[in-house]
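Report on the structure
Single-letter residue listing:
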Amino acid sequence: MADGYNFRELKRKILALSEAQDWETARKEWALVDIIEADEPETCLCGHYPIIEICEIFNRVTKTHTEVGNVCVKRFLGFRSDLIFTAIKRIRKDVDKSLNADAIAFFRQRGVLTEWEYGFSQSTMRKRDLTFKQQQTRQRINRKVLAAISRRGFRGPA
């Protein structure tokens, strides 16, 4: 992984928000807590613009929240948020499609999916030919996941 300008800037800002003073220790203080789709392009903590897929991270030691782009959270935490965003785009385009394993695990860990919905999603993830009832259940779960995704941007007149 190259230490380009953006990554150096990310390290500098994350260290400033962390208790640890060295990078390897500081990065272990952080966890991914939310994913956000912005309606308007925003700027990552590293300075990269534009970003639409935003990840909220939380420092368990300092209790600090901040946001970084999808690429930085992957480089920083090693968390494949890109796979979650891919699954969201897929089910937004076609609610009959399935979530992938990363998205299913993420939404279960965040309390969006119940234990039963988690098991159902895991067991039917690779199935293309579902019964009518199974397809209805998948659609309901997908709509629930889409409703749980944070969106930010222009909402129109109140």
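Residues numbered from 1 in each chain as written. Predicted model: local features only at pLDDT ≥ 70, side-chain atom pairs only at ≥ 80, totals over all residues. Heavy atoms only, no water.

This next bit is on the overall build of the chain. Scanning the chain for helices and strands turns up 7 helices and 4 strands. When the helices and strands of the chain are listed from N to C terminus, the series reads α-α-β-β-β-α-α-α-α-α-β. With the C-alpha coordinates aligned to their principal axes, the bounding extent of the chain is approximately 55 × 40 × 30 Å. Across the chain, contacts joining residues at least 24 apart in sequence account for 53% of those joining residues at least 6 apart. (Helix = DSSP H or I, 4+ residues; strand = E, 2+ residues; numbered from the N terminus. Contact = heavy atoms within 4.5 Å.)

Moving on: the pattern of salt bridges. Following the criterion strictly, the structure yields 9 salt bridges and no others. Where glutamate 53 meets lysine 89, a salt bridge forms, and the shortest distance between an N and an O atom there is 2.7 Å. Of the two residues, glutamate 53 sits in strand E2 (residues 51–59) while lysine 89 sits in helix H4 (residues 81–93), which places them 36 residues apart along the sequence. On the accessibility criterion, glutamate 53 (17% relative accessible area) is buried. (Salt bridge = Lys/Arg side-chain N within 4 Å of Asp/Glu carboxyl O. Buried < 20%, exposed > 50% of the residue type's maximum accessible area, 1.4 Å probe, protein only.)

All right, on to the confidence of the model for the chain then. Here the chain averages 90 in pLDDT, while 92% of its residues score no lower than 70. Summarising per-element confidence for the chain, the mean pLDDT is lowest in strand E4 (residues 150–152) (67) and highest in helix H6 (residues 115–124) (98). Throughout residues 154–158 the model reports pLDDT below 50, and contacts reaching past four residues in sequence, or to other chains, amount to 1 contact. (pLDDT = per-residue confidence, 0-100.)

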